[in-house]
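Okay, here's what each chain looks like letter by letter:
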Amino acid sequence: SHIWRQQLAFTAVLAGIGLYTVRGMRIGKWLIYLSPLIHLSSIFFVMGFLTFRLIRRAKGFDNKLKFSIALILLLAVVPVLSSAAVAYLDSLGLARIKSYFEGTDADVVRVYLLVGLYVVPMLAAFYFLKNDDTNNLLMILSISVFAIVVGLPASNGIYDRLLMSALPFLGIYFYRCFFI
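Because the structure is predicted, anything quoted here is derived from the model rather than measured.

### Digging into the side chain of N135
Along the chain, N135 falls in helix α6 (residues 133–151). At 3.4 Å, the side chain of N135 and the side chain of N131 are in polar contact. Not counting the four nearest positions on each side in its chain, N135 is found in contact with K130, Y173, R176 and C177.

Rendered as C-alpha coordinates:
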(Lines give C-alpha, C1' and ligand atoms only; values in the text may rest on other atoms or scores of the structure.)
Protein backbone atom coordinates (compact mmCIF):
# COMPACT_ATOMS: atom_id res chain seq x y z
CA SER A 1 0.00 0.00 0.00
CA HIS A 2 2.96 2.35 0.52
CA ILE A 3 4.95 1.26 -2.52
CA TRP A 4 3.87 4.36 -4.47
CA ARG A 5 5.62 6.61 -1.93
CA GLN A 6 8.76 4.47 -2.09
CA GLN A 7 8.76 4.67 -5.89
CA LEU A 8 8.13 8.43 -5.79
CA ALA A 9 11.08 8.88 -3.42
CA PHE A 10 13.26 6.72 -5.68
CA THR A 11 12.20 8.82 -8.67
CA ALA A 12 13.16 11.98 -6.76
CA VAL A 13 16.60 10.47 -6.05
CA LEU A 14 17.04 9.48 -9.69
CA ALA A 15 15.96 12.94 -10.90
CA GLY A 16 18.31 14.51 -8.37
CA ILE A 17 21.20 12.42 -9.66
CA GLY A 18 20.51 13.55 -13.19
CA LEU A 19 20.11 17.20 -12.31
CA TYR A 20 23.11 17.36 -10.00
CA THR A 21 25.74 15.24 -11.73
CA VAL A 22 24.79 15.64 -15.39
CA ARG A 23 23.37 19.17 -15.47
CA GLY A 24 25.27 20.61 -12.51
CA MET A 25 22.12 22.06 -10.93
CA ARG A 26 22.02 22.44 -7.15
CA ILE A 27 18.32 21.61 -7.05
CA GLY A 28 19.31 18.01 -7.80
CA LYS A 29 21.23 17.81 -4.56
CA TRP A 30 18.17 19.10 -2.71
CA LEU A 31 15.96 16.49 -4.36
CA ILE A 32 18.29 13.78 -3.13
CA TYR A 33 18.45 15.21 0.41
CA LEU A 34 14.67 15.73 0.66
CA SER A 35 13.64 12.32 -0.71
CA PRO A 36 13.48 10.71 2.79
CA LEU A 37 10.58 13.06 3.54
CA ILE A 38 8.61 11.15 0.92
CA HIS A 39 9.66 7.67 2.10
CA LEU A 40 12.17 6.82 4.80
CA SER A 41 13.75 3.97 2.81
CA SER A 42 15.45 6.50 0.53
CA ILE A 43 17.74 7.41 3.44
CA PHE A 44 19.94 4.59 2.12
CA PHE A 45 20.38 6.51 -1.13
CA VAL A 46 21.14 9.74 0.72
CA MET A 47 23.85 7.97 2.71
CA GLY A 48 25.20 6.51 -0.54
CA PHE A 49 25.25 9.99 -2.05
CA LEU A 50 27.20 11.33 0.93
CA THR A 51 29.63 8.42 0.59
CA PHE A 52 30.09 9.26 -3.09
CA ARG A 53 30.85 12.90 -2.24
CA LEU A 54 33.37 11.81 0.39
CA ILE A 55 35.18 9.47 -2.01
CA ARG A 56 35.14 12.11 -4.74
CA ARG A 57 36.60 14.74 -2.40
CA ALA A 58 39.42 12.36 -1.49
CA LYS A 59 40.09 11.79 -5.23
CA GLY A 60 39.27 8.12 -4.69
CA PHE A 61 37.79 7.60 -8.14
CA ASP A 62 40.98 8.81 -9.84
CA ASN A 63 43.18 6.22 -8.15
CA LYS A 64 42.03 2.60 -8.53
CA LEU A 65 43.88 1.52 -5.38
CA LYS A 66 42.18 4.21 -3.27
CA PHE A 67 38.85 3.22 -4.73
CA SER A 68 39.44 -0.47 -4.00
CA ILE A 69 40.22 0.37 -0.37
CA ALA A 70 37.09 2.55 -0.13
CA LEU A 71 35.03 -0.23 -1.68
CA ILE A 72 36.30 -2.80 0.82
CA LEU A 73 35.51 -0.39 3.66
CA LEU A 74 32.03 0.21 2.24
CA LEU A 75 31.36 -3.51 1.94
CA ALA A 76 32.58 -4.05 5.52
CA VAL A 77 30.98 -1.11 7.31
CA VAL A 78 27.49 -1.07 5.77
CA PRO A 79 26.59 -4.68 6.68
CA VAL A 80 27.79 -4.16 10.26
CA LEU A 81 25.77 -0.96 10.60
CA SER A 82 22.70 -2.62 9.04
CA SER A 83 22.82 -5.49 11.52
CA ALA A 84 23.37 -3.08 14.41
CA ALA A 85 20.43 -0.93 13.32
CA VAL A 86 18.09 -3.93 13.22
CA ALA A 87 19.29 -5.12 16.63
CA TYR A 88 18.78 -1.62 18.06
CA LEU A 89 15.27 -1.34 16.61
CA ASP A 90 14.46 -4.77 18.04
CA SER A 91 15.71 -3.70 21.47
CA LEU A 92 13.33 -0.73 21.34
CA GLY A 93 10.51 -3.21 21.05
CA LEU A 94 9.30 -2.32 17.59
CA ALA A 95 6.70 -4.89 16.77
CA ARG A 96 7.58 -7.50 14.16
CA ILE A 97 10.95 -5.96 13.17
CA LYS A 98 12.77 -9.28 13.57
CA SER A 99 10.14 -11.15 11.55
CA TYR A 100 11.23 -9.24 8.44
CA PHE A 101 14.72 -10.67 8.78
CA GLU A 102 13.90 -14.36 9.12
CA GLY A 103 14.35 -16.42 6.01
CA THR A 104 15.52 -19.79 4.82
CA ASP A 105 18.99 -20.91 3.80
CA ALA A 106 17.82 -20.82 0.17
CA ASP A 107 17.18 -17.08 0.56
CA VAL A 108 20.76 -16.54 1.73
CA VAL A 109 22.26 -18.44 -1.21
CA ARG A 110 19.99 -16.59 -3.65
CA VAL A 111 21.03 -13.22 -2.23
CA TYR A 112 24.74 -14.00 -2.53
CA LEU A 113 24.32 -15.28 -6.09
CA LEU A 114 22.35 -12.20 -7.15
CA VAL A 115 24.79 -9.78 -5.57
CA GLY A 116 27.71 -11.59 -7.21
CA LEU A 117 25.97 -11.48 -10.59
CA TYR A 118 25.37 -7.75 -10.24
CA VAL A 119 28.64 -6.60 -8.68
CA VAL A 120 31.23 -8.47 -10.76
CA PRO A 121 30.25 -6.96 -14.15
CA MET A 122 29.86 -3.55 -12.55
CA LEU A 123 33.35 -3.60 -11.09
CA ALA A 124 34.80 -4.92 -14.35
CA ALA A 125 33.16 -2.01 -16.18
CA PHE A 126 34.54 0.43 -13.63
CA TYR A 127 38.09 -0.85 -13.89
CA PHE A 128 38.20 -1.30 -17.67
CA LEU A 129 35.77 1.22 -19.20
CA LYS A 130 35.34 5.00 -19.12
CA ASN A 131 33.46 6.51 -16.17
CA ASP A 132 32.37 9.96 -15.07
CA ASP A 133 30.87 11.35 -11.86
CA THR A 134 27.39 10.11 -12.71
CA ASN A 135 28.61 6.56 -13.28
CA ASN A 136 30.66 6.67 -10.09
CA LEU A 137 27.61 7.81 -8.11
CA LEU A 138 25.39 5.11 -9.64
CA MET A 139 27.99 2.48 -8.81
CA ILE A 140 28.36 3.63 -5.19
CA LEU A 141 24.58 3.68 -4.72
CA SER A 142 24.24 0.18 -6.18
CA ILE A 143 27.08 -1.25 -4.13
CA SER A 144 25.65 0.37 -0.98
CA VAL A 145 22.33 -1.35 -1.61
CA PHE A 146 24.12 -4.65 -2.21
CA ALA A 147 26.09 -4.21 1.02
CA ILE A 148 22.87 -3.75 2.99
CA VAL A 149 21.49 -6.94 1.46
CA VAL A 150 24.72 -8.83 2.21
CA GLY A 151 24.55 -7.63 5.82
CA LEU A 152 21.11 -9.17 6.31
CA PRO A 153 20.94 -11.99 3.74
CA ALA A 154 18.17 -13.99 5.41
CA SER A 155 15.67 -11.17 5.09
CA ASN A 156 12.63 -11.87 3.02
CA GLY A 157 10.75 -9.65 0.56
CA ILE A 158 11.87 -6.37 2.10
CA TYR A 159 15.23 -6.54 0.40
CA ASP A 160 13.88 -7.89 -2.84
CA ARG A 161 12.53 -4.37 -3.23
CA LEU A 162 15.96 -2.92 -2.50
CA LEU A 163 17.59 -5.25 -5.02
CA MET A 164 14.96 -4.26 -7.59
CA SER A 165 15.60 -0.58 -6.90
CA ALA A 166 19.25 -1.07 -7.82
CA LEU A 167 18.37 -2.52 -11.23
CA PRO A 168 17.61 0.87 -12.84
CA PHE A 169 20.94 2.12 -11.48
CA LEU A 170 22.65 -0.85 -13.11
CA GLY A 171 20.88 -0.31 -16.42
CA ILE A 172 21.77 3.37 -16.55
CA TYR A 173 25.33 2.62 -15.42
CA PHE A 174 26.00 0.06 -18.15
CA TYR A 175 24.32 2.21 -20.80
CA ARG A 176 26.55 5.15 -19.85
CA CYS A 177 29.68 2.93 -19.75
CA PHE A 178 29.15 1.49 -23.22
CA PHE A 179 27.44 4.30 -25.14
CA ILE A 180 28.58 7.61 -23.67
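Now that the structure has been shown, we can carry on.
### Digging into unusual backbone geometry
At K59, a residue that is not glycine, the phi angle is positive and equals roughly 60°. Counting through the fold element by element, K59 comes out in the loop between α3 (43–57) and α4 (64–91).

### Some points on the nonpolar core
Ranked by internal contacts, the top residues of the largest apolar core, which has 42 residues, are I17, F61, F67, M139, F146 and Y173. Every element with two or more residues in this core is listed here: α1 (3–22), α3, α4, α5 (105–128), α6 and α7 (157–179). Ranked by residues supplied to this core, first place goes to α6 with 11 residues. With residues up to four places along the chain from it excluded, the contact list for I17 reads V22, I32, T134, L137, L138, L141 and F169.

### Re the packing of α3 against α6
Packed helices, taken two at a time, are described by the angle their axes make and the gap between the axes. Between α3 and α6, whose axes approach to 9 Å, the crossing angle comes to 130°. Regarding the angle of α3 to α6, the classification is oblique. Here α3 and α6 pass one another in a crossing that is right-handed. The residues of α6 that touch α3, namely those facing F44, F45, G48, F49, T51, F52, I55 and R56, are D133, N136, L137, I140, L141, S144, V145 and I148. Class assignment of the residues belonging to the contact of α3 with α6 gives a composition of 10 nonpolar, four polar and two charged.

### Examining the pattern of salt bridges
With the rule as written, the count across this model stands at two salt bridges. For R56, the salt bridge is made with D133, and the minimal N-O distance between the two is 3.1 Å. Note that R56 is positioned in helix α3 and D133 in helix α6, a separation of 77 residues in sequence. The class of D133 is partly exposed, set by a relative accessible area of 32%. Put simply, D132 and R176 hold a salt bridge, and the shortest N to O gap is 2.2 Å. Placement of D132 in the loop between α5 and α6 and of R176 in helix α7 is noted, with a sequence separation of 44 residues between them. Residue class for D132 comes out partly exposed when judged on its relative accessible area of 32%.

### Observations concerning a nonpolar patch on the surface
Side chains of F128, L129, Y175, F178, F179 and I180 sit close together on the surface and give an oily, nonpolar patch of about 730 Å² of accessible area. At three residues, α7 tops the list of elements feeding residues into the nonpolar patch.

### Some remarks on the packing of α1 against helix α2 (residues 26–34)
Their axes nearest at 7 Å, the elements α1 and α2 cross at an angle of 155°. Regarding the angle of α1 to α2, the classification is roughly antiparallel. α1 and α2 meet at a crossing whose hand is left-handed. Of the residues in α2, those in contact with A12, V13, A15, G16, I17, L19 and Y20 of α1 are I27, G28, K29, L31 and I32.

Conventions we followed
- Residues numbered from 1 in each chain as written.
- Predicted model: local features only at pLDDT ≥ 70, side-chain atom pairs only at ≥ 80, totals over all residues.
- Heavy atoms only, no water.
- Helix = DSSP H or I, 4+ residues; strand = E, 2+ residues; numbered from the N terminus.
- Polar contact = N/O pair within 3.5 Å; in protein donor to acceptor, adjacent residues only side chain to side chain.
- Contact = heavy atoms within 4.5 Å.
- Core = buried A, V, L, I, M, F, W, Y, C linked by side-chain atoms within 4.5 Å.
- Buried < 20%, exposed > 50% of the residue type's maximum accessible area, 1.4 Å probe, protein only.
- Axes fitted to C-alpha atoms, helices over the stretch in contact; angles between N-to-C directions.
- Parallel < 35°, antiparallel > 145°, perpendicular 65-115°, else oblique.
- Left-handed = near helix turned anticlockwise from the far one by under 90°.
- Nonpolar A, V, L, I, M, F, W, Y, C, P; charged D, E, K, R; others polar.
- Salt bridge = Lys/Arg side-chain N within 4 Å of Asp/Glu carboxyl O.
- Patch = residues over 30% accessible without salt bridge, like charges linked within 9 Å, V, L, I, M, F, W, Y side chains within 5 Å.
- Areas by Shrake-Rupley, 256 points an atom, 1.4 Å probe, with all protein chains shown as cover.

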